[in-house]
Amino acid sequence: MNVFTVPMKLLTAVVLDEATDTVKKELLRLGVLDFIQVSRLAPEQAARLSVQKQQEEPGTYSNLRSRVETLFIQAGRPTPSSEKLNPDTMKPLEVGKAKALVDKVVGDLSTIREQQKQLSQSRIRVDELLRYITEEKLQYLDIRIGQVGKGNDALIRSRLANQAFVLIQPENWKDFVLLTLKRDRQQVSPLVETLQWMENPDGGLQHMAIPLLRSELEQQMENLGKANAEIKERITLRIKEDMESLETLWCDLRLHELLGEIALNFSHTRNTTIFSGWVPQSESSALESVIRAAANGACVIEWTDAKYLPREEVPVAVEDVPLLRPFQKLVDNYSVPEYGTINPTPFVAISYLVMFALMFADAGQGLVILLLGLLGLRNSKRNPQLKPKMISADMYRLFMYLGTASIVSGVIFGSYFGFALFPPLWFDYHAAVVGHESTGRDVYSILTITIWFGIVVIGLGLALNWINLIRKKDWFHLLLDKNGLVGGWLFGCGIWAAFAFVGSGYKQLPQGLFLPIAFGFPLVFLFAKVPLHRHMERRQGKEVEPKGIGPLVMDALLEWIVDVLEIFSGFLANTLSFMRVAGLGIAHVSLMTAFAQMADLAGGGVAGIIVLLLGNAMVIALEGLSAGIQALRLNYYEFFTKYFTGRGLSYNPIALHPHAGRQIISRP
Amino acid sequence: MSVGELNRYAFINAKLRSRIGGMLDDQRLENLLRCQSLDELFNQLKDTPYEPLMEIYDQSADIQRLEAWLFARNVRLHLDVAKLTDGVHSQTVMAMTRKLEVENLKSVVRLWFSNTVKHQNIDYRLGYLYQQQIVSPIDWARIANAQTYDEIVEALSRTPYAQSAAAITASQIATEGLFSLETAFDRTWFSMLRSVVAQLPGDDRKLVEAVLDRDSDLKNIINLVRFGWMYSLPGDKLRILMLEGGGITKTKEFRQYLETPPAERSPQKLVGRRFPDLAKELQDSGKSTAEMQTLVVEQYLFRIRRKEFHAMLRGYPFSFGIILTYFFLEERQDAIIRSLINGIHYGWDSPAIREFAV
């Protein structure tokens, strides 16, 4: 496994114009080239080069593709996978025809939607009547019971079509029951009168009619719900009718979009096409073969090593290690490492897991987290079409790692769901926290362990920084930066002095000349930082603002004060920050002890078990989340700040697969 | 900065700023403007606070239901903010929420008017109306189903709108329409808001009063142009319409405007001294219609408010300004979404939607 970013090479190629289309397709198929404009490499030549004008307006293909994807969503179908994209079977795309197809489907859907809208309005009418009946707000309703002298129920319905109404004729009743809104009386009454409505004078019938009306309205609501479901089904069916064409269109659009992106990076002379881009060194020979084959050998290919170009212009790819993917996500979330420096992922994997394990040391609860991770991962593998909302497959994998780490630390410290079911491999964490002297350890021992852990993490961060600076040949910062050798030396001396001070019972610092010399020399040396930096810049031919001795000394003094403060307070704060690891570990034990006591107070038995179950669930959810966040925070702020500048440029090749990018699969 | 301000605003400031940060950005708006169907629009609104619109549309295809949801969301946001504050600050937010209550009240009275006075079928339209309590306990169904205007007065008897409703008679409504009643509701709301704002402590009071004064002035100008010029309302009736606060009603230009015969009234002269920029814009708009002149004032008001609220967002964070800004931006965002929905539904072309939406 390569701990550094993947070595890159810059390709510049010239092919004949007639081979351009084939080359484009092959470049897309291989999907490893992160293009740069040739004019950027040779600005003086830019005027002689031309860029082929695109047939369509920018965004035409992506807009149309987005419209097709909306139809897929409406039909409950996933977007075709990138495996279906085949440049060889791609057809020429007539945008007009493609638009017509999409417009036709969308137009048909609008017609169906209009029916759905009318259904929705009917639902509102029925809903209002039903609400008044249910809430017994009969003052808003008119209930007529009687017969018509002219026509039948169909005629009544047609006359009242524009009103909110219900008409029923209960079994064994001669009369109709007509329910309308009182506020519509002025419109309804004349309509009913034209049918020669004869009202039944028996007032008691109204009370009998109410439950019947309610049941009818509920039935109508149910029917409307079913009708709506049918309409939604029609929408799906309509889209599915053209699904094959839409899928083909989607593939063509996507391919044209990608090839268009590639074409934008091509520059042209009268007969040739020139393009350039970055590619991982391991892929360079494959790429060269592909271009030569596509151009029938009629091409010129030139490779430039990344070391000849400014580091900040080289895109960064890192080796894809499947086991470390969840941790790679944590790093990606922070930033991109500089080209040629260390990829923090393997180190983050170790430090994150150790931090979490120290904060959440419980084999039983760890097992629960592991099982949650396994179940989640199984579920996401079984339903790949489900788009993860909050928790992705990588997050479930992280759960599995964290659960395993907790199990290991739980066994080491002898904690199983908050109980010491088995003897610890190292020492009894619970006993140390609650003050059982038999263990020979107490809370201070735990704090000491975490501080040592912090020192190791910070020390590792400094060492990684030195390696990065050596690789970058940045000798100035290697020597004089606060995270450089001077800073590291002062940090080391500070640790030595602090432990000696603690060892003396907090009475005195180490005696003798070593300490003043160990601190004094680097501090004096640090004072030379500003003048030295100016001298180096001048030697490199950079423009340096002229300054007299006085302002220069003041500059140096101010910079020195800031550096000294940053070194002493920064390292002290960074180291003490790791006490939170102990803090959370102690809080975890305290909470579990409290729940165990609450279970005792509940009298044990079923009540006690419920208290323990709830307690464990709460601790897993809250403490687990808290430990995860704190471990991330320590990595981001205490560890990364020592060596990870995050100034890298992400490697983004144009490829068929949407996620091709920074992580590359290393080829043997 | 006092400890009280810090305690009061630290949490709400962080919360509202995070909500503001999550609002639709320019790139997203551009994508929305390119949508050609409502399904595409809602697909683009996935993972935004407007995501529920997709489900509502999928279930009903009814854009009025979407508008109803937007209104309900706005009410919910106001009530959420009120819960995050206490004392007179909470009362101020509730008084601002009354603006929505008044809008809803006007809508339900309009429905009643259509049905009872104009004998039109209001059919399913009541279904789109917000029927929960906003601030005061108002029985919306009772108003919509009222047989007479007196029943509406009775339904509002336990609300702050009782006096405004009782001051108008059924015959006035029948002959003159709802204009007087609606403007009376507006004035009631504004007056209540001002009286609550007067109780806010020091800087908060000054800040909100300054915003309200500006709003009063510009809304009064809109009313003077719209009703004094377009509808030729006499001076005494115009005076009643004026919202309290602001300075325009205290000027001699205002008095002259009321005294001048409607046909000779000049909006430019009215605003010339107090809002010279606006006077110039009105002048530049030429001999346009009164509708256009009203639109010019409305756009000016919008720009002023946008400028003020953006300045508040950049300025001192621990003040009532963050709440005002949040409501303004939410309202603006809702208006954009509403324009997009309507524009796409009614088949406006993209530039027309852009004109309304952005």
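Because the structure is predicted, anything quoted here is derived from the model rather than measured. (Residues numbered from 1 in each chain as written. Chains lettered and ligands numbered in written order. Predicted model: local features only at pLDDT ≥ 70, side-chain atom pairs only at ≥ 80, totals over all residues. Heavy atoms only, no water.)

**A word on the overall build of chain B**
Next up, step 1: Along its length, chain B carries 19 helices and 0 strands.
Next up, step 2: At 21 Å, chain B has a C-alpha radius of gyration in line with the 21 Å of a compact globule built from 358 residues.
Next up, step 3: C-alpha extents for chain B along the principal axes are approximately 55 × 55 × 45 Å.
Next up, step 4: The buried share among the 358 residues of chain B stands at 51%.
Next up, step 5: Considering only contacts within chain B whose residues lie at least 6 apart along the sequence, 64% involve residues at least 24 apart. (Helix = DSSP H or I, 4+ residues; strand = E, 2+ residues; numbered from the N terminus. Rg over C-alpha atoms; globule rule 2.2 N^0.38 Å. Buried < 20%, exposed > 50% of the residue type's maximum accessible area, 1.4 Å probe, protein only. Contact = heavy atoms within 4.5 Å.)

**Concerning the sheet that holds strand 6 (residues 197–199) of chain A**
Residue and element names in this part refer to chain A.
Next up, step 1: Strand order in the open sheet made by the 4 strands is 4-5-3-6, with antiparallel pairing throughout. Across the chains shown, the open sheet's two edge strands, defined by having one partner strand only, are strand 4 (165–168) and strand 6. Taken over all neighbouring pairs, the strand axes of this sheet differ in orientation by 35° on average, direction set aside.
Next up, step 2: As paired elements, strand 3 (residues 141–148) and strand 6 share 3 bridges and run antiparallel to each other. Each bridged residue has a counterpart across the sheet, and for G146 the counterpart in strand 6 is E199.
Next up, step 3: Across the sheet, helix 4 (residues 95–134) lies against strand 3, strand 4 and strand 5 (176–181), angled at about 100° from strand 5, the strand it touches most.
Next up, step 4: Sitting on the sheet, helix 7 (residues 204–241) touches strand 3, strand 4, strand 5 and strand 6, and the angle it makes with strand 4 is about 110°. (Pairing = 2+ DSSP bridges. Axes fitted to C-alpha atoms, helices over the stretch in contact; angles between N-to-C directions.)

**Re the domain arrangement of chain B**
Residue and element names in this part refer to chain B.
Next up, step 1: With domains assigned, chain B is organised as domain 1 (1–65 + 334–358), domain 2 (85–199) and domain 3 (201–319).
Next up, step 2: Computed from C-alpha coordinates alone, the two centres of domain 1 and domain 3 are separated by 29 Å.
Next up, step 3: On the side of domain 3, 9 residues touch domain 1, which itself brings 8 residues to the contact.
Next up, step 4: Across the domain 1/domain 3 interface, buried area totals approximately 770 Å², and carbon plus sulfur atoms make up 56% of it.
Next up, step 5: Run the count over domain 1 and domain 3 and you get 2 residue pairs in polar contact (both at pLDDT 80 or more). (Domains from an automatic or database assignment. Buried area = accessible area lost by both parts, 1.4 Å probe. Polar contact = N/O pair within 3.5 Å; in protein donor to acceptor, adjacent residues only side chain to side chain.)

**A few points about the packing of helix 15 (residues 443–472) of chain A against helix 22 (residues 605–643) of chain A**
All names here are of chain A.
Next up, step 1: Contact geometry of helix 15 with helix 22 gives a least axis separation of 7 Å together with a crossing angle of 25°. In terms of orientation, helix 15 and helix 22 fall into the roughly parallel class. Between helix 15 and helix 22 lies a crossing of right-handed hand. Side by side, helix 15 and helix 22 meet where V457, I458, L460, G461, L462, L464, N465 and N468 of the first sit next to E638, F639, K642 and Y643 of the second. (Parallel < 35°, antiparallel > 145°, perpendicular 65-115°, else oblique. Left-handed = near helix turned anticlockwise from the far one by under 90°.)

**Focus on the packing of aromatic side chains**
Next up, step 1: Tallied over the entire structure, the rule returns 42 aromatic pairs over all chains.
Next up, step 2: Residues B:Y161 and B:F185 carry aromatic rings whose centres are separated by 5.9 Å and whose planes lie at 80° to one another, so their mutual orientation is edge-to-face. Within this pair, whereas B:Y161 is found in the loop between helix 8 (149–155) and helix 9 (162–166), its partner B:F185 is found in helix 11 (residues 179–197), the two being separated by 24 residues in sequence. One exposure class covers both B:Y161 and B:F185, and it is buried.
Next up, step 3: By the ring-pair criterion, three or more aromatic residues cluster together here, those being A:Y334, A:Y636, A:F639, A:F640, A:Y643 and A:F644.
Next up, step 4: Directly above the aromatic system of A:F4 lies the positively charged group of A:R471, at a separation of 3.6 Å from the ring centroid.
Next up, step 5: The lysine or arginine in question, B:R73, covers the ring of B:Y50, its NZ or CZ lying 4.5 Å from the ring centre. (Phe/Tyr/Trp six-rings, centres within 6.5 Å; stacked < 30°, edge-to-face > 60°. Lys NZ or Arg CZ within 6 Å of the ring centre and 35° of its normal.)

**Some remarks on the pattern of salt bridges**
Residue and element names in this part refer to chain A.
Next up, step 1: Counting across every chain of the model gives 50 salt bridges over all chains.
Next up, step 2: Its salt-bridge partner being R238, residue D108 comes within 2.8 Å of it at the nearest N-O pair. Note that D108 is positioned in helix 4 and R238 in helix 7, a separation of 130 residues in sequence.
Next up, step 3: The exposure class assigned to D108 is partly exposed, which follows from its relative accessible area of 23%.
Next up, step 4: Bridged by salt links that share partners, the residues K104, D108, R238, E241 and D242 form one connected network. (Salt bridge = Lys/Arg side-chain N within 4 Å of Asp/Glu carboxyl O.)

**So, the environment of A:H535**
All names here are of chain A.
Next up, step 1: Position of H535 relative to the elements: it lies in helix 19 (residues 529–539).
Next up, step 2: Residue H535 is classed as partly exposed on the basis of its relative accessible area, which comes to 42%.
Next up, step 3: Residues H535 and S626, spaced 91 residues apart in sequence, show a C-alpha to C-alpha distance of 49 Å.

**Some points on the environment of B:W348**
Next up, step 1: Note that B:W348 resides in the loop between helix 18 (321–345) and helix 19 (350–357).
Next up, step 2: Considering only alpha carbons, one finds B:W348 and B:Q293, 55 residues apart in sequence, at a separation of 24 Å.

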